[in-house]
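Structural overview for review
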Amino acid sequence: MRGPLRALCVFLALFAADTAVSQQLGVPESSVVTLSSERLFAESAFGKRVLREIEVEGILLGEENERIVAELSHEEKVLTEQRATMTAEEFRPLADAFDEKVQSHREGQRAKLDALARRGEDARQRFLVLVRPVLIDLLRESGAAIIIERSSVFLSSDRTDITDAAIARIDAVIGDGRAVESGASE
């Protein structure tokens, strides 16, 4: 009887020690942990930098668009005034050229806006690749078998959420990502 009892005591001691180590590291001990990938990106130094850069570029794009609209509005007004002194045959090529110019500017601005959105998505994908080792370490430390997206969980304890711990570790490992991204491009 002493053998099985001793084995059980050793097992419990190891289990308690493993739980204590995980809790000391700020990681819950659970077979399933949750993580908010949206918060992970948005609240990390990397995500904050990228979102700030995209916001600035979006503002510049908006200002550029306003300038173009003002120029086109002025050009339209001049064209409308010229219309009174021209025949329909003279006016039609000018009107068609103006319409083509408006359409070209609209398509150009839409392409810039799409590129900005793609840049945000590309940054999120790079971020997930960069943070994968950190998340794997957290998974191992928690003793979990799986990390589930928090927004996909119907109900869970906040104790199983590792998002804050992940953000802290990611910020410590990659910071705002400039050094990692410049090292990758060299």
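All values reported here derive from a predicted model rather than from experimental measurement.

Conventions and cut-offs
- Residues numbered from 1 in each chain as written.
- Predicted model: local features only at pLDDT ≥ 70, side-chain atom pairs only at ≥ 80, totals over all residues.
- Heavy atoms only, no water.
- Phe/Tyr/Trp six-rings, centres within 6.5 Å; stacked < 30°, edge-to-face > 60°.
- Buried < 20%, exposed > 50% of the residue type's maximum accessible area, 1.4 Å probe, protein only.
- Helix = DSSP H or I, 4+ residues; strand = E, 2+ residues; numbered from the N terminus.
- Lys NZ or Arg CZ within 6 Å of the ring centre and 35° of its normal.
- Salt bridge = Lys/Arg side-chain N within 4 Å of Asp/Glu carboxyl O.

1. Some points on the packing of aromatic side chains
Applying the stated criterion across every chain, the model contains 3 aromatic pairs. Each ring, one from Phe-41 and one from Phe-46, has its centre 6.2 Å from the other, and the planes form 65 degrees; the classification is edge-to-face. On the basis of relative accessibility, which here comes to 2%, the residue Phe-41 falls in the buried class. Each ring, one from Phe-41 and one from Phe-127, has its centre 5.3 Å from the other, and the planes form 80 degrees; the classification is edge-to-face. With a gap of 86 residues between them, Phe-41 in helix 2 (residues 37-43) and Phe-127 in helix 4 (residues 88-142) connect regions that are remote in the sequence. Ring-pair connections join several aromatic residues into one group, and the members of that group are Phe-41, Phe-46 and Phe-127. Of note, Arg-83 hangs over the ring of Phe-91, and the distance from its end group to the ring centre comes to 5.0 Å.

2. With respect to the pattern of salt bridges
A complete count under the given rule lists 16 salt bridges for this structure. For Glu-53, the salt bridge identified is with Arg-178, shortest N-O distance 3.8 Å. In this pair, Glu-53 is assigned in helix 3 (residues 45-83) and Arg-178 in helix 6 (residues 178-185), connecting sequence segments 125 residues apart. For Glu-53, a relative accessible area of 22% corresponds to the partly exposed category. For the salt bridge of Arg-119 with Glu-57, the shortest nitrogen-to-oxygen distance reads 2.3 Å. With Arg-119 in helix 4 and Glu-57 in helix 3, the pair connects residues that are 62 residues apart, well separated along the chain.

So, to be careful, I would describe these as geometric facts and stop short of saying anything about function.
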